[in-house]
Amino acid sequence: MNAAGPVVVTGPRPRATSVDPAHTVTVHSPAEVSVSRLVSADDPYLEGHYPEFTVYPGAFIVESVYQAVLHLLWRTRGADAWARPVSIDSVRFTGALAPGDTLDVHCACEPTAPGRLAATARCTTAGNTAAQVRMTFEVTPSEGGSHA
Amino acid sequence: MLEYADIRGLIPHAHPMLLVDRVVEWQPYDRIVTVKSVTGSEPCYKGLAPGAPHRAFAYPPSLLMESWGQGAAILWMRRVRDKEGERTGAAPILAAARNMRFHREVFPGDTLRHVVRIDQYSGSSVIMSGESYVGDDQVAEIGYAIAVLRPSEELTWGAA
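Treat the numbers as computed from the prediction; the structure is a model and nothing was measured. (Residues numbered from 1 in each chain as written. Chains lettered and ligands numbered in written order. Predicted model: local features only at pLDDT ≥ 70, side-chain atom pairs only at ≥ 80, totals over all residues. Heavy atoms only, no water.)

A tally of regular secondary structure across chain B gives two helices and six strands. Reading chain B from its N end, one meets helices and strands in the order α-β-β-α-β-β-β-β. Relative to the 2.2 N^0.38 estimate, which gives 15 Å for 160 residues, the radius of gyration of chain B is 16 Å and therefore close to what a compact globule would have. Taken over the C-alpha atoms alone, chain B extends approximately 50 × 40 × 30 Å along its principal axes. Relative to its 160 residues, chain B shows a buried fraction of 54%. Of the roughly 7,000 Å² that chain B leaves accessible, carbon and sulfur atoms contribute 46%. (Helix = DSSP H or I, 4+ residues; strand = E, 2+ residues; numbered from the N terminus. Rg over C-alpha atoms; globule rule 2.2 N^0.38 Å. Buried < 20%, exposed > 50% of the residue type's maximum accessible area, 1.4 Å probe, protein only. Areas by Shrake-Rupley, 256 points an atom, 1.4 Å probe, with all protein chains shown as cover.)

So, about the overall build of chain A. For chain A, the helix and strand inventory stands at one helix and seven strands. The helix and strand sequence of chain A, counted from the amino end, reads β-β-β-α-β-β-β-β. Rg of the C-alpha trace for chain A: 15 Å, near the compact-globule value of 15 Å for 148 residues, within the 12% margin. Counting only C-alpha atoms, chain A reaches 45 × 30 × 30 Å along its principal axes. The buried share of chain A, reckoned over its 148 residues, is 55%. Accessible surface, chain A as shown: approximately 5,900 Å² in total, 50% of it carbon and sulfur.

Residue and element names in this part refer to chain B. The topology assignment puts Ile-146 in strand β6 (residues 137-151). The spacing of Ile-146 and Leu-64 is 82 residues in sequence and 16 Å in space, taken between C-alpha atoms. Excluding anything up to four places from it in sequence, Ile-146 contacts Ile-93, Leu-94, Ala-95, Ala-96, Ser-125, Val-126, Ile-127 and Met-128. (Contact = heavy atoms within 4.5 Å.)

For the rest of this paragraph, the subject is the environment of Tyr-50 of chain A. In this structure, Tyr-50 of chain A sits in the loop between β3 (32-38) and α1 (58-77). Residues Tyr-50 of chain A and Ala-126 of chain A, spaced 76 residues apart in sequence, show a C-alpha to C-alpha distance of 23 Å. Those residues in contact with Tyr-50 of chain A, other than ones at most four positions away along the chain, are Val-55 of chain A together with Pro-12, His-13, Ala-91 and Pro-92 of chain B. Within the structure, Tyr-50 of chain A has its side chain in polar contact with the backbone oxygen of Pro-92 of chain B (distance 2.9 Å). (Polar contact = N/O pair within 3.5 Å; in protein donor to acceptor, adjacent residues only side chain to side chain.)

Our next topic: the packing of aromatic side chains. Applying the stated criterion to the full structure yields six aromatic pairs over all chains. Taking 5.9 Å as the distance between ring centres and 90° as the angle between the ring planes, the aromatic pair formed by Tyr-56 of chain A and Phe-60 of chain A counts as edge-to-face. Across this residue pair, the class does not change: Tyr-56 of chain A and Phe-60 of chain A are buried. Note on Trp-74 of chain A and Trp-82 of chain A: the rings are 6.3 Å apart at their centroids and 45° apart in plane angle, and the pair reads as tilted. The two residues Trp-74 of chain A and Trp-82 of chain A agree in class, both being buried. Pairwise contacts between aromatic rings join Tyr-45, Tyr-56 and Phe-60 of chain A into one cluster. Across from the ring centre of Tyr-66 of chain A, 3.8 Å away, lies the NZ or CZ of Arg-15 of chain A, which sits over that ring. One cation-aromatic arrangement involves Arg-98 of chain B over Tyr-144 of chain B; the distance from NZ or CZ to the ring centre is 4.3 Å. (Phe/Tyr/Trp six-rings, centres within 6.5 Å; stacked < 30°, edge-to-face > 60°. Lys NZ or Arg CZ within 6 Å of the ring centre and 35° of its normal.)

Set out below in structure tokens:
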């Protein structure tokens, strides 16, 4: 598989997410993927977190890690591939994000057992670490339905 | 028991990010049981691709975490209010978590029941753990999570 340049993803959501689906994806190799997204004040959940001052919920960063893993699977295993998070082994939030910031997620993936994929993500904004995440996914190689 | 209006008065979260519908049990200030009904009309279900399969409607893990954690926020803010009087302008922020497991996905129509324990209060932080259920099924467990209370004026947008 050749590395792919950045691809801008918009349009219908392939799954329920807490954040606006628009983002840019770069698949670097069969084991490495990056996702970037602009934190927008229009994200529907942000008006309630919090009404008087906006803080991007740390848990939402996890959504971008999940999205990165799905894109890697779709690129390497085809459009029917799917992943379900089975654990967040470790997550540490070290920086705050606000509307107008860009979240960059760089994710390295490795199989740990049959049907299991471990993802280690470093999440940054303007070069500063915002979060470090280790998650494990259950990967479904082939299943009916389309993600598009 | 605390109803939605009571919950709104205790924690700074607001619609659509207030993800606790009711408090059904609580032992101040150590343990709380909350419920949250998941419905297909929530913002996370907006704009899904036509023909999206069942798996696409799994409730996002971020919202499950957030909904669970808001139980701790309720206990904590109530303790702050009881011990220190009314306090405004501070927000609980999740700082780290470990050993969080998702056993089963949650879908519209499910009602989540979150059990949250605050294992330790320490200055402006709390350490917590717990589980989430749908009916009798345990759907998630949280081994360890730590949250910090930050006055809003101290929240900066650069690296912390």
